[in-house]
Amino acid sequence: MKLDTLFRDKDCVFALEIFPPRRQHTFAALYDTLQQLKGVPFDYTSVTYSAGGTGAKENTAVIAQYLKDKLQVEPLAHLTCLNSDMHDVKAELDKMAGIGVENILALRGDRNPDVPDRNVFSHASDLIETVKKHGDFYVAAACYPEGHPESTSLAADLDYVKRKMDVGAGHFITQLFFDNGKFFRFLNLARKKGINCPIEAGVMPIVRKEQLERTISLSSASIPSDFSKLVSRYADDPPSFYAAGIDYAIVQIRDLIESGVDGVHLYAMNNSDVAEKVYDAAADLL
Ligand code: FAD
């Protein structure tokens with residue numbers, strides 16, 4: 001199934017993102033997680049690709065195939081291009097088509113000083129054009145409610161988001177954010193630029209203090225005061241931090257759905273308990 005069907009049929013699409021293991025022997029843990037989530041009706045599951053250019057790229061296809069064949073869950077396979085040439089990208093697309101993957105999240109990838117750029121694909125829009133030409137894929141792309149860290153301004157960033165839509169992206173998934181106000185402002189600006197396809201809001205429940213620092217350095221998401229109060233209040237109380245982090249995400253998601261968001265993209269970091277609790281707490285609105 002191509003994902004545009006979901007956006008046509010549902011008021012709010014609710015998706016889960018997972019990341020494949022970096023090493024072979026940890027597959028079992030992820031399979032357990034996915035089995036535990038079998039009863040939770042996420043509309044599709046996205047599978048990340050080689051984060052930072054160093055992860056095991058082949059594991060994305062393995063997990064996508066597992067989702068499709070063993071769990072009958074529709075996968076969205078992420079694909080990056082900065083460290084790939086045309087042959088690599090086409091081979092990856094052929095592999096995805098061969099296992100029945102119909103949906104690709106086309107990304108540039110983050111720069112990594114230890115992995116040289118191949119200088120074939122400079123931007124995600126180049127990859128989107130290639131994916132659309134090469135096969136019968138539905139393509140999604142990324143966007144950033146607080147601007148991409150390399151952008152000079154949100155307005156300039158949005159011009160490139162528009163370009164990604166114009167060359168074939170059917171919907172966008174946002175970088176995570178903690179402040180819904182930033183998302184609504186972005187959405188408003190995007191619509192004014194003519195970006196009229198669905199935009200799925202990315203939400204990550206922060207359930208451990210250590211998770212926060214890394215998440216902020218990777219995403220550049222700003223921290224609203226009610227969130228920082230929560231962090232200081234429960235910093236030395238891990239069980240309460242865990243519960244409060246889930247509650248914060250639930251409040252965010254319920255507000256987004258009640259405001260008519262096209263979709264929610266849950267970054268639950270392969271934690272089935274977090275994913276299930278958050279989904280269950282929003283299910284009455286879906
Ligand atoms: P682009 O759209 O190419 O944008 C990158 C920068 O270039 C932006 O500043 C943009 O404004 C600018 N730009 C875009 N087009 C042009 C142009 N034509 N001319 C000049 N400037 C331009 N990384 C992984 O390694 N693996 C993953 O699985 C992964 N999944 C992700 C999922 C989501 C939902 C998101 C939000 C990010 C994900 N990332 C992943 C991280 C992503 O690869 C990085 O954020 C990367 O830095 C940018 O990717 P992009 O596709 O948004 O790039």
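Look a little higher up for the structure.
Everything in this summary refers to the structure shown in the same document. (Residues numbered from 1 in each chain as written. Predicted model: local features only at pLDDT ≥ 70, side-chain atom pairs only at ≥ 80, totals over all residues. Heavy atoms only, no water.)

## Quick notes on the state of the cysteines
Thinking step 1. Overall, the coordinates contain zero disulfides when judged by the stated rule.
Thinking step 2. Of all cysteine sulfurs, the one in Cys 143 lies closest to Cys 12, which takes part in no disulfide; the gap is 15 Å.
Thinking step 3. Exposure remark for Cys 12: the relative accessible area of 8% places this residue in the buried category.
Thinking step 4. Cys 143 takes part in no disulfide bond, and the closest cysteine sulfur to it belongs to Cys 197, at a distance of 8.4 Å. (Disulfide = S-S within 2.5 Å. Buried < 20%, exposed > 50% of the residue type's maximum accessible area, 1.4 Å probe, protein only.)

## Remarks on the site of the ligand
Thinking step 1. What surrounds the ligand is a group of 25 residues, the closest being Tyr 49, Asp 110, Tyr 144, Asp 157 and Lys 164.
Thinking step 2. Measuring from a nitrogen atom of the ligand, one finds a side-chain N or O atom of His 123 at 3.3 Å.
Thinking step 3. In this structure, an oxygen atom belonging to the ligand sits 3.0 Å away from a side-chain N or O atom of Ser 151.
Thinking step 4. Relative to its free-state accessible area of 970 Å², the ligand is covered by the protein chains to the extent of 87%. (Near = heavy atom within 4 Å. Polar contact = N/O pair within 3.5 Å; in protein donor to acceptor, adjacent residues only side chain to side chain. Areas by Shrake-Rupley, 256 points an atom, 1.4 Å probe, with all protein chains shown as cover.)

## Overview of the pattern of salt bridges
Thinking step 1. Counted by the stated rule, this structure contains 17 salt bridges.
Thinking step 2. Note that Asp 166 and Lys 162 form a salt bridge whose closest N and O atoms lie 3.0 Å from each other. Of this pair, Asp 166 and Lys 162 both sit in helix α6 (residues 154–166), four residues apart, which is roughly one turn of that helix.
Thinking step 3. In this structure Lys 162 comes out as partly exposed when scored by relative accessible area, which is 23%. (Salt bridge = Lys/Arg side-chain N within 4 Å of Asp/Glu carboxyl O. Helix = DSSP H or I, 4+ residues; strand = E, 2+ residues; numbered from the N terminus.)

## Describing helix α11 (residues 272–282)
Count 3.6 residues to each turn of an α-helix, and residues three or four apart come out pointing the same way.
Thinking step 1. Within the span of α11, buried status applies to Ser 272, Val 274, Ala 275, Val 278, Tyr 279 and Ala 282. For α11, the buried positions fall inside an angular range of 160° around the axis, keeping them on one side.
Thinking step 2. Contacts made by the buried residues of α11 are with β1 (13–18), α2 (27–36), α10 (238–258) and β8 (263–267).
Thinking step 3. By the N-cap criterion, in which a side-chain oxygen at the helix start approaches the backbone nitrogen of a residue two or three places on, α11 is capped by Asn 271, the distance to Asp 273 being 3.0 Å. (Arc of directions from axis to C-beta. Contact = heavy atoms within 4.5 Å.)

## Thoughts on the pairing of β1
Thinking step 1. By the criterion of burial, β1 is predominantly enclosed, with six of the six residues buried.
Thinking step 2. Residues Val 13, Ala 15 and Glu 17 of β1 are buried on one face, and the alternating residues Phe 14, Leu 16 and Ile 18, pointing to the opposite face, are buried as well.
Thinking step 3. Both β1 and β8 contribute to a ladder of five bridges, which runs parallel. Paired with Leu 16 across the two strands is Leu 266, which belongs to β8.
Thinking step 4. Here β1 runs beside strand β2 (residues 44–47); their pairing, made up of four bridges, is parallel. Following the sheet pairing, Ala 15 is matched in β2 by Tyr 44. (Pairing = 2+ DSSP bridges.)

## Re the side chain of His 171
Thinking step 1. Secondary-structure assignment places His 171 in strand β6 (residues 171–176).
Thinking step 2. You can call His 171 buried: its relative accessible area is 0%.
Thinking step 3. In this structure the side chain of His 171 is engaged in a polar contact, spanning 3.4 Å, whose partner is the side chain of Tyr 44.
Thinking step 4. Ignoring any residue separated from it by four or fewer positions in sequence, one finds His 171 in contact with Leu 3, Phe 7, Tyr 44, Tyr 138, Val 139, Ala 140, Ala 141, Cys 197, Pro 198 and Glu 200.

## Topic: the sheet that holds β6
Thinking step 1. Reading around the circumference, β1-β2-β3-β4-β5-β6-β7-β8 is the order of the eight strands in this closed barrel, with parallel pairing throughout. Within the sheet, the average angular offset between the axes of one strand and its neighbour, ignoring direction, is 30°.
Thinking step 2. For strand β5 (residues 138–143) and β6, the ladder comprises four bridges, and the chain directions are parallel. Looking at β6, one finds that Cys 143 is bridged to Thr 174.
Thinking step 3. Along the sheet face, helix α5 (residues 124–134) touches β3 (75–80), β4 (103–107) and β5 and points at about 150° away from the line of β4.
Thinking step 4. On the sheet, helix α7 (residues 180–192) packs against β5, β6 and β7 (199–203) and is oriented at approximately 160° with respect to β7. (Axes fitted to C-alpha atoms, helices over the stretch in contact; angles between N-to-C directions.)

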